[in-house]
Amino acid sequence: MNNDEKYKNRDPILETSGEVVGFYPREFYPFDNFSSFAVEWRGRVWPTSEHAYQASHFMNESPEIVEEIFNAKSAHDAQKIALKYTGRIDPGFYSNNLEIMEDICRHKLQQQPYVRKKLLQTEDKQIVEDSPKDDFWGWGVNRDGRNELGKIWMKLRKEL
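Predicted, not measured: the structure shown is a model, and the values here were computed from it.

### Describing the confidence of the model for the protein
- Mean pLDDT for the protein: 91, with 89% of residues reaching 70 or above.
- Counted against residues more than four places away or in other chains, residues 3–10, with its pLDDT under 50, gives six contacts.

Pasting the structure below:
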């Protein structure tokens, strides 16, 4: 089976060349914060890394929002709750949000053997959150975004 046949049912705006490891959602979806891997972080077991990251926006100032996010039924709901409270994000949050995300991903990697296995399978390929929507954590619609989440996973892979 050639690549065209293998990937014919995939969304054409997603990366399918095999040159990079895309994870918006496919085989390497475990790297995505919405994937169903719990992560123990800061003394709690969060349903997903998305729950933990969204809650981190409010940890210093709004424990009630943290609880609402913790109890969200899905990663998508956790994100929606955080968006609802954007005016209440902790001052200074964005000065260290990359470090927070890296810490959450590192915990996920340490705690989830399957995530570790998938990361090692990427060998030395570029890892990209090939989201057509997000040009900060991913590469965005024009494939020229910052790909900060992909960079974090490549850094963690190098540490392994």
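### Observations concerning the pattern of salt bridges
- Enumeration according to the criterion identifies 10 salt bridges in this entry.
- Notably, a salt bridge pairs Lys118 with Glu27, separated by 3.1 Å at the nearest N-O pair. Here Glu27 lies in the loop between β1 (20–22) and β2 (39–41) and Lys118 lies in helix α6 (residues 113–121), a separation of 91 residues in the sequence.
- Given the relative accessible area of 5%, Lys118 is considered buried.
- A salt bridge links Asp77 to Lys80, with the nearest nitrogen and oxygen atoms 3.8 Å apart. Pair noted here: Asp77 and Lys80 are both in helix α4 (residues 75–84), with a separation of three residues, about one helical turn.
- Bridged by salt links that share partners, the residues Glu102, Arg106, Lys155 and Glu159 form one connected network.

### Side note on the packing of helix α5 (residues 97–111) against α6
- Orientation of α5 relative to α6, taken along the N-to-C sense of each, is 100 degrees, at an axis distance of 5 Å. Put simply, α5 runs roughly perpendicular to α6. Listed contacts from α6 to Lys108, Leu109, Gln110 and Gln111 of α5 are Pro113, Val115, Arg116 and Leu119.
- Class assignment of the residues belonging to the contact of α5 with α6 gives a composition of four nonpolar, two polar and two charged.

### Structural notes on the side chain of Glu50
- Checked against the element boundaries, Glu50 lands in helix α2 (residues 49–56).
- For the buried Glu50, no salt bridge is present, and the opposite-charge side chain at shortest range is Lys108, 8.7 Å distant.
- When near neighbours in sequence (up to four residues on either side) are disregarded, Glu50 contacts Asn33, Phe34, Ala75 and Gln79.

### Considerations on the packing of α5 against helix α7 (residues 148–159)
- Put simply, α5 and α7 touch, their axes get as near as 10 Å, and they point 50 degrees apart. On the basis of the axis angle, α5 is oblique to α7. Our pair here, α5 against α7, has a crossing hand that is right-handed. Here Leu98, Met101, Glu102, Cys105, Arg106, Lys108 and Leu109 of α5 come into contact with α7, specifically with Glu148, Leu149, Ile152, Trp153, Lys155, Leu156 and Glu159.
- Here the contact of α5 with α7 is built from residues that sort into eight nonpolar, no polar and six charged.

Thresholds, definitions, all that
Every chain is numbered independently, its residues counted from 1 as its sequence is written. Totals for whole chains, interfaces and linings use all residues, but because this is a predicted model, local features are given only for residues with pLDDT of at least 70 and pairs of side-chain atoms are given and counted only at 80 or more. With hydrogens and water stripped out, all remaining heavy atoms of the structure feed into the side-chain values. A residue's pLDDT is simply how confident the predictor is in it, with values from 0 to 100. Here, two residues are considered to be in contact whenever any of their heavy atoms come within 4.5 Å of each other. Think of a salt bridge as a Lys or Arg side-chain nitrogen and an Asp or Glu carboxyl oxygen that are within 4 Å of each other. Strands are runs of DSSP state E lasting at least 2 residues, helices are runs of H or I lasting at least 4, and numbering of each runs from the N terminus. Here's how the labels work: a residue is buried when its accessible area is under 20% of the maximum for its type, exposed when over 50%, partly exposed in between, all with a 1.4 Å probe on protein chains only. Orientation is described by lines fitted to C-alpha atoms, with helices fitted over the stretch in contact, and by angles between N-to-C directions that extend from 0 to 180 degrees. Angular relationships are summarised with four words: roughly parallel below 35 degrees, roughly antiparallel beyond 145, roughly perpendicular across 65 to 115, and oblique for the angles in between. When residues are grouped by polarity, Ala, Val, Leu, Ile, Met, Phe, Trp, Tyr, Cys and Pro land in nonpolar, Asp, Glu, Lys and Arg in charged, and all others, Gly among them, in polar. Positive charges are assigned to Lys and Arg, negative charges to Asp and Glu, while His and the chain termini are left out of the count. The hand of a helix crossing depends on one turn: near helix anticlockwise from the far one by less than a right angle means left-handed, and clockwise means right-handed.

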